[in-house]
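Chains, contacts and geometry: an overview
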Amino acid sequence: MNEKLDQLRRQLDQKTTEIDKAVAAERGIGSIENMDSSDYERLQQDIEELLEQWEETAQQEGPGGMDDTPLNRLIAERFEIEQIILASRGQQGNDFAGDETQDA
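What comes next concerns the included structure. None of these values were measured; they are calculated from a predicted model.

Quick look at the overall build of the protein
- Looking only at helices and strands, the protein has four helices and zero strands in total.
- If you list the helices and strands of the protein from N to C, you get α-α-α-α.
- Classification of the 104 residues of the protein by burial places 29% in the buried group.
- In the protein, 59% of the contacts between residues at least 6 apart in sequence involve partners at least 24 apart.

Right under this line is the structure:
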């Protein structure tokens, strides 16, 4: 089970990086690899807010209630991976199921 969780965490990290890159591209702020730390930190805060807003909207309207955009699809994929991780960790009896969102 730990191997599966490790694979899911890698997928979550990869999807989060894809979201970082997509938002940076949408905003025209360049490559995340070349971004200075303060700009990247600001981007991370904005993305965290975006993810929270997406989740609230998905809970209220359902995932189909959002525009079908590349960014929304990435966020939906990330959310699905995160839910699988939470379910898997819950089966293990781990009380720290929310840790993944802190790393992302």
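Some thoughts on the nonpolar core
- In terms of nonpolar packing, the biggest core is built from 14 residues, with Ile-19, Val-23, Leu-43, Ile-47 and Ile-75 touching the most fellow members.
- Where this core is concerned, the elements lending two or more residues are helix H1 (2-27), helix H2 (37-61) and helix H3 (70-91).
- Per-element tally for this core: the top contributor is H2, with five residues.
- Each residue touching Ile-19, except ones within four places of it in the same chain, is listed here: Ile-47, Leu-51, Leu-71, Leu-74, Ile-75 and Arg-78.
- Membership of the second largest hydrophobic core comes to five residues, among which are Leu-5, Leu-12, Ile-81 and Ile-85.

Re the pattern of salt bridges
- Scanning all chains against the criterion turns up eight salt bridges.
- Between Arg-9 and Asp-6 there is a salt bridge, with its nearest N and O atoms 3.0 Å apart. In this pair, Arg-9 and Asp-6 both sit in helix H1, three residues apart, roughly one turn of the helix.
- Owing to a relative accessible area of 27%, Arg-9 belongs among the partly exposed residues under this scheme.
- For Asp-6, a relative accessible area of 35% gives the class partly exposed.
- Measuring nitrogen to oxygen at the nearest pair gives 3.6 Å for the salt bridge that ties Glu-82 to Arg-78. Placement of the pair is Glu-82 and Arg-78 together in helix H3, with a separation of four residues, close to one helical turn.
- Look at Arg-78 and you get buried, because its relative accessible area is 5%.

Some words on the packing of H1 against H2
- Where H1 contacts H2, the two axes come as close as 10 Å, and the packing angle between them is 105°. On the basis of the axis angle, H1 is roughly perpendicular to H2. Together, Ile-19, Asp-20, Val-23, Ala-24 and Arg-27 of H1 and Tyr-40, Leu-43, Gln-44, Asp-46, Ile-47, Leu-50 and Leu-51 of H2 make up the contact between the two elements.
- Split by residue class, the contact of H1 with H2 holds eight nonpolar, one polar and three charged.

Remarks on the packing of H2 against H3
- Contact geometry for H2 and H3: axes closest at 11 Å, N-to-C directions at 80°. Put simply, H2 runs roughly perpendicular to H3. Counted together, Leu-50, Leu-51, Trp-54 and Glu-55 of H2 and Leu-71, Asn-72, Ile-75, Ala-76, Arg-78 and Phe-79 of H3 form the full contact between these two elements.
- For the contact of H2 with H3, the class distribution of residues is seven nonpolar, one polar and two charged.

About the criteria used
- Residues numbered from 1 in each chain as written.
- Predicted model: local features only at pLDDT ≥ 70, side-chain atom pairs only at ≥ 80, totals over all residues.
- Heavy atoms only, no water.
- Helix = DSSP H or I, 4+ residues; strand = E, 2+ residues; numbered from the N terminus.
- Buried < 20%, exposed > 50% of the residue type's maximum accessible area, 1.4 Å probe, protein only.
- Contact = heavy atoms within 4.5 Å.
- Core = buried A, V, L, I, M, F, W, Y, C linked by side-chain atoms within 4.5 Å.
- Salt bridge = Lys/Arg side-chain N within 4 Å of Asp/Glu carboxyl O.
- Axes fitted to C-alpha atoms, helices over the stretch in contact; angles between N-to-C directions.
- Parallel < 35°, antiparallel > 145°, perpendicular 65-115°, else oblique.
- Nonpolar A, V, L, I, M, F, W, Y, C, P; charged D, E, K, R; others polar.

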